[in-house]
Amino acid sequence: MVAVREAHLSIGGGEFFALLGPSGCGKTTLLKMIAGFERPSRGRVLLDGVDVSDVPPWKRNVNTVFQQYALFPHLSVADNVAFGPRSRKLPAAEIDQRVSDALDIVRMGELAARRPSHLSGGQQQRVALARALVNLPRALLLDEPMAALDLKLREAMQLELKRIQRDVGITFLLVTHDQGEALTMADRIAVMNHGVVEQVGTPEQIYQRPASLFVAGFIGSANLLPGTVVDRDGEDAVVQLCAGARVRAAGGSHVGVTEPCTVMLRPERLRAVADPPADGRCVAATITQVVFQGASSRLEAVLADGASVVTQIESHHRPAFLQPGQPVWIAWEPGAAFLLAGWPAIAGTSGDVGRVEAPR
Amino acid sequence: MSGHSLIAARAGRWALNLYAALGLAYLFAPIAVIVAFSFNQPSGHFNIEWRQFTLANWQAPFADRALTDALWVSLRIAALSTLVSTVLGTMIAIALSRYRFPGSGAVNLLLVLPVTTPEIVVGSSLAAMFLGQNVIDFGMVTITIAHILFQLSFVAIIVRARLRDFDWTLEQAAQDLGAPPLRTFLTVTLPLILPGILAAALLSFALSIDDFIITFFNAGSTVTFPLQIFGASRVRIPPQVHVLATVILLVSVGLLVAGTILEHRRRRPNRVD
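No experiment lies behind these values; they were computed from the predicted model shown. For every chain, the first residue of its written sequence is number 1, and the numbers climb from 1 along that sequence. Chain letters and ligand numbers both follow the written order, the letters beginning at A and the numbers at 1. This being a predicted model, a pLDDT of at least 70 is required before a residue's local features are given, and a value of 80 or more before pairs of side-chain atoms are given or counted; all residues contribute to the totals for chains, interfaces and linings. Excluded from the side-chain calculations are hydrogens and water; all other atoms, namely the structure's heavy atoms, are used.

A. Fine view of the pairing of strand β4 (residues 62-65) of chain A. Residue and element names in this part refer to chain A. When a residue's accessible area, from a 1.4 Å probe over protein chains only, is under 20% of the maximum for its type it is buried; when over 50% it is exposed; and in between it is partly exposed. Working definition: helices are DSSP H or I runs of at least four residues, strands are E runs of at least two. Numbering for both runs from the N terminus. On β4, burial covers both faces: V62 and T64 on one face and N63 and V65 on the other are all buried. Two strands are said to pair when DSSP picks up at least two bridges between them. Judged from the four bridges that link them, β4 and strand β5 (residues 139-143) form a sheet pairing that is parallel. Paired with V65 across the bridge in β5 is L142.

Take a look at the structure:
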């Protein structure tokens, strides 16, 4: 079985880098290759320019924070943290100094004598972090570090992790299936699917200019409208939507004329209006549902080809015509429409991965 | 609840307690008899009839020379066979738990065979095997080999059970932190499975001291503790049998209690190392 097919990545020193993808996309296998627990059948792993593909994990200067932390249950917090320095046979005085420094960084100094079984999930995570950081690794690998924490703690730890990374200046490589986590913490993100890295970029690049249908659907929510490229006009493509309208979209320069394509529209950049704007950046739709969600309401509409579109409207400024069953124009500002190659498996809105598949 | 069913419930509880008490009495009565008769002043060759309380037997526990020699033989065989079977059995258990290799399923299954095979079959087939060669004579060596044979399965099965919920990512974590495989085993794996290994070692020691049938077939002229008692019981049962049996009992119970206390202390919260 092939878990990772293609992954060309270079991660800079001191960077907070995230490997993002659905479960089974190969991101954990890739992490294990970097840690040394898996050997790539082809290709190489370079660390500081040196090929470490054949170096066993205990000789690699990278450390891992495991998903369930893998703290040694028979050792105290301090002994857990001292495990790395002791394995490397550092002088006792230096070990003590390093252990207390590492515990201070994660604010666990007071619980140094405890056993892991007497710590909360968040505290265990901090110990796992200190146990890895104490070795001053060239890179710190984090395998779904938040998966075992509850939602509230998870959000606090995301910011905490970001602070620690800034403080110590060590390269962090985070593996996660949670796009929010990756967007919050990472400087750069690699999105993986089916063993292939589909896009590498900053959170903003990946969100605004996704390289594929999969990336567009996986990050945030997106309205995906199928169509065909009919013309090119400089940077823009002119697209005949299956829903009938002819619109302009940026990007997708690799999509040729007459080829199938998809126009991506992020919900927050759409407006629901009574009359079509003069610039023609709009499609006709019929409102199916308006759901009150507090400050904003979620408006769902269906296009002529059956594709559904979602946008947010302000709850306290809801015009009278925005009622289920009423016709509406979905309009957007210049630059909001982005072109992607291929057609989505299911046209329309997609916020979850299950409904979007990358074209083969 | 009506008064009637309340009485029924109370009666049921009494019956259950009585049943439990009878069960325990059934289990412990023979042991109590052994301990009691170690303080008896026997009348003839057989220490089977209560005459009079004495400490004389306890003051001369090794008075019966042949019995003492036999005990010494048994202890040496038990020590050596337990050491070998514990090390080998633990290695088998780790290999079976950690790896899937061709034939591992078969090994898993065959492991219980020596435990389930009747001892008479194991003993006689081993004797036949030892008879068919001229390298080793019947004696300490053949008994030790025979004991290792059945101890091995017990050790492997017990340690494998302990390893069933072992978190192998702990080994990955240790290696990740710079510990080579041997150091990983000694500092992480071994301390965590040690209670299981010690329990297995205690059991195999007891099995070896205790074994009669397999030993009988493979002993040659060597006499172990059970063989000596069996052989002598037709002419005499000296009170030292009861004394030494009580000592063995006390030592086993003592080890068991010590093991339990150690395990308990290990799990006590907030221990400062």
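B. Main features of the environment of A139(A). Residues and elements named next belong to chain A. With respect to the helices and strands, A139 occurs in strand β5. Distance in space between the C-alpha atoms of A139 and G13 is 8.1 Å, their sequence separation being 126 residues. Should any heavy atoms of two residues lie within 4.5 Å, those residues are considered in contact. Excluding its chain neighbours within four sequence positions, the residues that come into contact with A139 are N61, V62, N63, I170 and T171.

C. Spatial organisation of unusual backbone geometry. All names here are of chain A. A positive phi is found at L136, a non-glycine position, where the angle reads about 45°. Among the secondary structure elements, L136 is positioned in the loop between α4 (121-133) and β5. Assessed through its relative accessible area of 52%, L136 is described here as exposed. Positive phi, normally seen in glycine, also occurs at E144, with a value near 45°. According to the relative accessible area criterion, E144 is buried, its value standing at 8%.

D. Here's a closer look at helix α9 (residues 181-210) of chain B. Helix length check: α9(B), at 30 residues, gives a terminal C-alpha distance of 38 Å against a target of 44 Å (1.5 Å per residue), a shortfall beyond 12%. Its maximal kink placed at L194(B), α9(B) deviates by approximately 55°, while the proline P195(B) follows within four residues. Here, expected helix span is obtained from the residue count minus one, scaled by 1.5 Å. Two axes enter the definition of the bend at a residue: one is fitted to the seven residues ending there, the other to the seven starting there, and the bend is the angle between them.

E. Local environment of the environment of I197(B). All names here are of chain B. With respect to the element layout, I197 can be found in helix α9. When its relative accessible area of 10% is taken as the criterion, I197 is described as buried. Not counting residues up to four positions away in its chain, the partners in contact with I197 are T86, T90, V159 and L190.

F. Structural view of the domain arrangement of chain A. As far as domains go, chain A holds domain 1 (16-205) and domain 2 (221-349). Either an automatic procedure or a domain database provided the assignment from which the domain bounds are taken. Here the C-alpha centre of domain 2 of chain A lies 41 Å away from the C-alpha centre of domain 1 of chain A.

G. Focus on the packing of aromatic side chains. All names here are of chain B. Ring pairs are drawn from Phe, Tyr and Trp, using the six-membered ring of Trp, whenever the two centres fall within 6.5 Å, and their geometry is named by plane angle: stacked under 30 degrees, edge-to-face over 60, tilted for the rest. Counted by the stated rule, this structure contains 12 aromatic pairs over all chains. Ring plane angle 20° and centroid distance 5.6 Å describe the contact between F39 and W58, whose orientation is recorded as stacked. Taken as a pair, F39 in the loop between α1 (3-37) and α2 (56-59) and W58 in helix α2 lie far apart in primary sequence, 19 residues in all. The class of W58 is partly exposed, set by a relative accessible area of 27%.

H. Spatial organisation of the pairing of strand β10 (residues 236-241) of chain A. Residues and elements named next belong to chain A. In this sheet, β10 lies alongside strand β9 (residues 222-233) in antiparallel orientation, the contact comprising six bridges. Across the sheet, residue G227 finds its bridge partner in β10, namely L241. Bridge analysis of β10 against strand β11 (residues 246-249) gives four bridges, and the strand direction is antiparallel. The partner of A237 across the bridge, within β11, is A249. Two successive antiparallel strands, β10 and β11, enclose a turn made up of four residues, where G244 displays a positive phi of approximately 120°.

I. Fine view of the pattern of salt bridges. Residue and element names in this part refer to chain A. Any carboxyl oxygen of Asp or Glu within 4 Å of a side-chain nitrogen of Lys or Arg constitutes a salt bridge here. For the structure on display, the rule yields 19 salt bridges over all chains. Between D233 and R248 there is a salt bridge, with the nearest N and O atoms lying 2.6 Å from each other. Residue D233 is located in strand β9, and its partner R248 is located in strand β11; the two are separated by 15 residues in the primary sequence. Take R248: its relative accessible area is 36%, and that puts it in the partly exposed class.

J. Highlighting the nonpolar core. Residue and element names in this part refer to chain A. Throughout, nonpolar core names a set of buried Ala, Val, Leu, Ile, Met, Phe, Trp, Tyr and Cys residues whose side chains join them through atoms within 4.5 Å. Counting residues in hydrophobic clusters, the biggest one holds 46 residues, and the most contacted among them are L129, L140 and F172. Those residues in contact with L129 that sit more than four places away from it in its chain are V65, V106, L140, L142, L161 and I164. Counting residues in hydrophobic clusters, the runner-up holds 31 residues, among them L241, A249, V309 and L322.

K. α4(A), seen in detail. Residues and elements named next belong to chain A. Spanning 13 residues, α4 covers 18 Å between terminal C-alpha atoms, matching the ideal 18 Å at 1.5 Å per step. Counting buried positions over the 13 residues of α4 gives 10, a clear majority of the element. Of the residues making up α4, those classed as buried are G122, Q125, R126, V127, A128, L129, A130, R131, A132 and L133.

L. Structural view of the interface of chain B and chain A. With 23 residues of chain B at the interface, the matching set in chain A holds 27 residues. For the pair chain B and chain A, the two sides together bury roughly 2,200 Å², of which 59% comes from carbon and sulfur. When the area that chain B buries against chain A is broken down by residue, the three leading residues are D176(B), L177(B) and R183(B), summing to 30%. The tally of links from chain B across to chain A stands at zero salt bridges. The term polar contact refers here to a pair of N or O atoms within 3.5 Å; inside protein, the definition further demands a hydrogen-donor-capable atom paired with an acceptor-capable atom, and it admits residues adjacent in sequence only when both atoms are side-chain atoms. Along the contact surface separating chain B from chain A lie five residue pairs in polar contact (both at pLDDT 80 or more). Buried area is calculated as the accessible area (1.4 Å probe) missing from two parts once they are joined, with the contributions of both summed.

M. Layout of the sheet that holds β4(A). Residues and elements named next belong to chain A. The strand order β4-β5-β6-β1-β7-β8 describes an open sheet built from six strands, whose pairing is mixed. Of all the strands in the sheet, just β4 and β8 (196-201) have a single pairing partner and so form its edges. Ignoring strand direction, the axes of neighbouring strands in this sheet form an average angle of 20°. Here strand β1 (residues 16-20) runs beside strand β6 (residues 171-176); their pairing, made up of five bridges, is parallel. Bridge pairing links L20 to T176 in β6. Axis lines are fitted through C-alpha atoms, for helices just across the contact stretch, and the angle between N-to-C directions can take any value from 0 to 180 degrees. Against the sheet, helix α5 (residues 151-168) makes contact with β1, β5 and β6, and its axis sits at roughly 155° relative to β6, the strand it touches most.

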